[in-house]
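# Residue-level structure breakdown
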Amino acid sequence: MHPDASHPDPRRLVLSLKGITKRFGPLTANDAIDLDVRAGEIVALLGENGAGKTTLMSILFGHYIADEGSVSIADSEGRMAPLPGGSAQAALAAGIGMVHQHFALAENLTGFENIVLGTQSLWSLRPRGRGARGKIARLMDESGLTVDLDVPVARLSVGEQQRIEILKALYRDVRVLILDEPTAVLTPQEADSLAATVRSLAAKGLAVIFISHKLHEVLALCGRVVVLRGGAKVADRPTLGADRATLAELMVGRAIPARERPPSTPGAPVLSLRRVSVGAPSQRDRLESADLDVRAGEIVGIAGVSGNGQGALAALVAGLAAARAGEATIDGRRLAGADPAGRVAAHVGRIPEDRHRDGTIGSLSVAENFVLETIAAPENQRAGLIRRAAIRARAAAAIQAYDVRCPGPDAAIRALSGGNMQKVVLARVLEREPKLVLAHQPTRGLDIGATTDVHRRLIAARGRGAAVLLISEDLDELFALSDRIAVVHAGHLSPALDAVGLDVRTVGLMMAGHGAGEAA
Amino acid sequence: MIRFVPRARTPVWLSVAVSIGAGLAALALTAIPLALTGAPVFTAFALMAQGAAGNGFALAETLTRATPLIFTGLAAAVAFRAKLWNIGAEGQLYAGALATVALGAGLIEAPSYVLVPLVLIGAALAGAVLLLVPVLFKTRFGADEVVVTLLLNFIVLLFVQMMLEGPMKDEMALGWPQSAPVLDEATLPKLVSGWRLHGGLVLAILAAVALHVFITRTVWGFRIRAVGENARAARYAGLPVGKAMALVGLLSGGLAGLAGASEVAGLKGYLTADLSPGFGYAGIVVATLANLSPLGVIPAALFVAGVFVGADSMSRAIGVSNYLADLVVAFALLSVLVGGLLTRFRIVFVRRGTA
């Protein structure tokens, strides 16, 4: 946990951004930003969504051209040379590598093929195996990033795909490695091992830009932190002596209210699973003989690395999948089969994992998305004709109540930011006062403000007496919200343990496949 | 540098302007090969315009030609909105035409206020059922509807030829493979005496308006739009995806079937195997030009019909091949596809800065 600040300055400069300004119409996305990165340094880039991190990195990577300012990068002899703007090839050739939050992998190719893709001639019929494999094996050894290279990437978990992405960058001999939210999908142990990897890579002279919003990681791993807010650089300081509260305030520009979670007495079970299996045994994301109760007025968190069975659990509760064996009941009634409309009728509020793919219909308006599940209800239609005025009025009220920033109820929902889109989904789900709420990764990709809002709403639903099933890969979120936490690994669901007194390490070990007793 | 910024909402005036602009661009592009042939460009276009709408008779001819195109355009528009790629409107048109002569050429004798609706319903049902089969194959087994509907066209056409050479052959037609004529009671009324313009046009316009209301104002229309735009999210939300697709199949096939009924009972009076010069396929062009809007289908069909009727007339006058019409329509299609960029994105010019 030693900050890397011990030996920064004697190291030579590898990357220097001077006065980078980028405007999109009236919006100044980057305002005269200076940033120097030295070899062997780990620099954190902090900022809310829309603070300008992505724009800055896109300029560095040649996807955008800055209106003003310059980028220079050290060449192989260490001399600083200007980097031509607008060319991703030039950035790659200069040794800039980036691991995006949303991976850029060809899913039907294997890990090995993805890593060497683009480094070999298109005319070679087979990727030349030996040399490449030797190099990758060495990189895996040095970095501790082990992964099966010979199965299609689509079959790997998100965490494994990320390892492929990092190996891909390392394979290209990067001098500056940009990691965009790299730990968002990892277990604490995996995150620790990633941190160790990053430290050892930095010790060998790699410069790392670490984009994250997990402040404790930033403090533990990075020697220096740069904070962007509203497009401008508001802080550039060593992490030594900084704490989470100050960094959060710098990012948001105001003090963050502490999350309040009043005590609550759970009632009768609403969701009840008895030896329930979901999904074919050959499937990776399946559930085997799971037992779980989620009671009215409590939040039960499901921890686990994605692809271990939480997808199957969510599909069962959402009505997309049927139980293969066992008995699943909601409110005492047996779940017959895959029946999303039946779940809506049974007062299950469902927040899907992917709001773009499953939660909203992009070209329909905010108001239409608001009534997507209930269009056939009497308040939304009369004799098959849509009651447009009534729907608009209620959507407008929901926009107000949930603070959705949008041009109005008639705006196409795809024009909204992720946070505002999620607010529409929340409004749709929670306005109906559901008895059971399924929240599957409800804050993935959201900034601190929107995340706080989602958390507040879920706690309010619990206070109202709803049973909340929270599936998340973010342990901070699970510990902050859950009354009880269960861990899913390889299709097996652990008993739900009281969150109070539960140790993050224990949960982490269980996520990696160790039993609760063994872990404790 | 040019950047495309997605629009939250496309204003209606812009869609209309882009469509008109696309039509003009198509004519301008057609002028290039026309000039290369040495033909007088402006005279040719003037003759085309005159031939399409220069007098009452020309206009009536364009409207007559537009009638089946409105039906098949609507069939394509409603199907494509739901991402059901119905390429089989041609076959559904013939199925509707076959039903029209089967019911209206003597099988049933009834006054026209009974027989006309009966014939129309029968034709719509024939087209609808013909498309329902591929739709069920798609939703049940994942069979690709493009292949199935396209190949069904040929099966239906061969079936029609078989019927016209066999059981439905008119004994009085001197050996020509054509059906017996539909009864007067089953015939759609002429709109203006002496011209070929018939009641099918009124029906087509009513169908466009009804489809517009259905898509935008009804619960099932909402479901169809939702399923078409994002079937995964629609399924997640509990919408009846399979039923919505089946309904789309029935509507699309039914509309194409009506095109057949309108051509037989309104225009020709009997069925031949060359009833349609590709109205089913042209409907796809019409729907695309209309940006899949049911109301937009009407002007789009008029444009395509006008180009073809006008080109025929121009070709007779100055001897330029009437294939020019195909060229205009093809250019219009390309222009509309390019114009779609303008309706979906705002184009922002960015000065190239230094970096």
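Refer to the structure presented above.
What comes next is a walk through the structure. What you see is a predicted model; the values in this text were computed from it and never measured.

## Some words on the overall build of chain A
The secondary structure content of chain A amounts to 18 helices and 23 strands. Radius of gyration (C-alpha) of chain A: 24 Å, near the 24 Å computed for a compact globule of 520 residues. A principal-axis box enclosing the C-alpha atoms of chain A has dimensions of 70 × 55 × 50 Å. Within chain A, the fraction of its 520 residues that count as buried is 54%. Nonlocal contacts in chain A, meaning residues at least 24 apart in sequence, comprise 67% of its contacts between residues at least 6 apart.

## Re empty space enclosed by the protein
Residues and elements named next belong to chain A. This structure, assessed with the given rule, holds 1 cavity of 30 Å³ or more. Every residue lining the largest cavity is listed: V366, F370, A395, A398, I399, V404, V424 and A427. Looking at the lining of the largest cavity, the elements that each hand over two or more residues are α12 (366-370), α13 (388-401) and α14 (418-430). Among the elements that line the lining of the largest cavity, the one with the most residues is α13, at 3 residues.

## Examining the sheet that holds strand β4 (residues 68-74) of chain A
Residues and elements named next belong to chain A. Sheet architecture is open: 4 strands sit in the order β2-β1-β4-β5, paired in antiparallel fashion. A single partner strand is all that each edge strand has here, and the edge strands are β2 (27-38) and β5 (80-82). Within the sheet, the average angular offset between the axes of one strand and its neighbour, ignoring direction, is 20°. Bridge analysis of strand β1 (residues 13-24) against β2 gives 8 bridges, and the strand direction is antiparallel. Paired with R23 across the strands is T28, a residue of β2.

## What about helix α6 (residues 145-165) of chain B?
For α6 of chain B, with 21 residues, the first-to-last C-alpha span of 30 Å sits near the 30 Å given by 1.5 Å per residue. In this structure, the buried residues of α6 of chain B make contact with α4 (89-104), α5 (112-141) and α11 (279-289) of chain B.

## So, the interface of chain A and chain B
The interface is formed by 45 residues belonging to chain A together with 27 residues belonging to chain B. Around 3,100 Å² of area is buried between chain A and chain B when both sides are counted, 58% of it from carbon and sulfur atoms. Linking chain A to chain B there are 2 salt bridges. Of the charged contacts, one joins R232 of chain B and D358 of chain A as a salt bridge, the two residues approaching to 3.0 Å between their closest N and O atoms. Between chain A and chain B we count 11 residue pairs in polar contact (both at pLDDT 80 or more) in total. Residue assignment for the side of chain A that touches chain B shows that the elements contributing at least two residues are β4, α10 (340-345), β16 (348-351), α11 (355-359) and β18 (385-386) of chain A. Its residues assigned to classes, the side of chain A that touches chain B shows 25 nonpolar, 10 polar and 10 charged.

## Concerning the nonpolar core
In globular proteins that are soluble, nonpolar side chains generally tend to be buried together. The biggest cluster of nonpolar side chains holds 152 residues, and the ones touching the most others in it are L458 of chain A together with L271 of chain B. Top contributing element to this core by residue count: helix α3 (residues 56-81) of chain B, with 13 residues. Two domains each provide a minimum of three residues to this core, namely domain 3 (257-347 + 433-520) and domain 4 (360-431) of chain A. Apart from residues lying up to four places away in sequence, L458 of chain A is in contact with I299, I351, V437, A439, P442, V468, L470 and L481 of chain A. Counting 51 residues, the second largest nonpolar core, distinct from the first, contains M140, V218, A242 and M251 of chain A.

## Structural notes on the pattern of salt bridges
This model, assessed by the stated rule, comprises 32 salt bridges over all chains. Put simply, E41, R224, K233 and D236 of chain A are held in one network by salt bridges that share partners.

## Brief notes about unusual backbone geometry
All names here are of chain A. Phi at S289 is positive, roughly 45°, even though this residue is not glycine. The phi dihedral of H347 is positive, around 60°, even though this residue is not glycine. Looking at where H347 falls in the secondary structure, it is placed in the loop between α10 and β16.

## With respect to the packing of aromatic side chains
In total, this model carries 2 aromatic pairs over all chains according to the counting rule given. Aromatic pair F137 of chain B and F141 of chain B: ring centres 5.8 Å apart, planes at 80°, arrangement edge-to-face. Residue F137 of chain B and its partner F141 of chain B are located together in helix α5, separated by 4 residues, close to a single helical turn. F137 of chain B sits in the partly exposed class, given a relative accessible area of 39%. Over the aromatic face of F112 of chain A sits the side chain of R133 of chain A, whose NZ or CZ is 4.3 Å from the ring centroid. Positioned over the ring face of Y402 of chain A is R457 of chain A, at 3.9 Å from the centre of the ring.

## Overview of the packing of α3 of chain B against helix α10 (residues 241-268) of chain B
Residue and element names in this part refer to chain B. Running from N to C, α3 and α10 cross one another at 170°; their axes reach a closest spacing of 7 Å. The pairing of α3 with α10 is recorded here as roughly antiparallel in orientation. Touching T64, T67, P68, F71, T72, L74, A75, V78 and A79 of α3 are V248, L251, S252, L255, A256, L258, A259, S262, E263 and L267, all from α10. For the contact of α3 with α10, the residue count by class is 13 nonpolar, 5 polar and 1 charged.

Reading guide: rules and limits
- Residues numbered from 1 in each chain as written.
- Chains lettered and ligands numbered in written order.
- Predicted model: local features only at pLDDT ≥ 70, side-chain atom pairs only at ≥ 80, totals over all residues.
- Heavy atoms only, no water.
- Helix = DSSP H or I, 4+ residues; strand = E, 2+ residues; numbered from the N terminus.
- Rg over C-alpha atoms; globule rule 2.2 N^0.38 Å.
- Buried < 20%, exposed > 50% of the residue type's maximum accessible area, 1.4 Å probe, protein only.
- Contact = heavy atoms within 4.5 Å.
- 1 Å grid on protein atoms, 1.4 Å probe; cavity = no way out; pocket = protein on both sides within 12 Å on 5 of 7 lines; lining within 4 Å.
- Points joined across faces, edges and corners; volume = space filled by probe spheres on them.
- Pairing = 2+ DSSP bridges.
- Axes fitted to C-alpha atoms, helices over the stretch in contact; angles between N-to-C directions.
- Expected span 1.5 Å × (residues − 1).
- Buried area = accessible area lost by both parts, 1.4 Å probe.
- Salt bridge = Lys/Arg side-chain N within 4 Å of Asp/Glu carboxyl O.
- Polar contact = N/O pair within 3.5 Å; in protein donor to acceptor, adjacent residues only side chain to side chain.
- Nonpolar A, V, L, I, M, F, W, Y, C, P; charged D, E, K, R; others polar.
- Core = buried A, V, L, I, M, F, W, Y, C linked by side-chain atoms within 4.5 Å.
- Domains from an automatic or database assignment.
- Phe/Tyr/Trp six-rings, centres within 6.5 Å; stacked < 30°, edge-to-face > 60°.
- Lys NZ or Arg CZ within 6 Å of the ring centre and 35° of its normal.
- Parallel < 35°, antiparallel > 145°, perpendicular 65-115°, else oblique.

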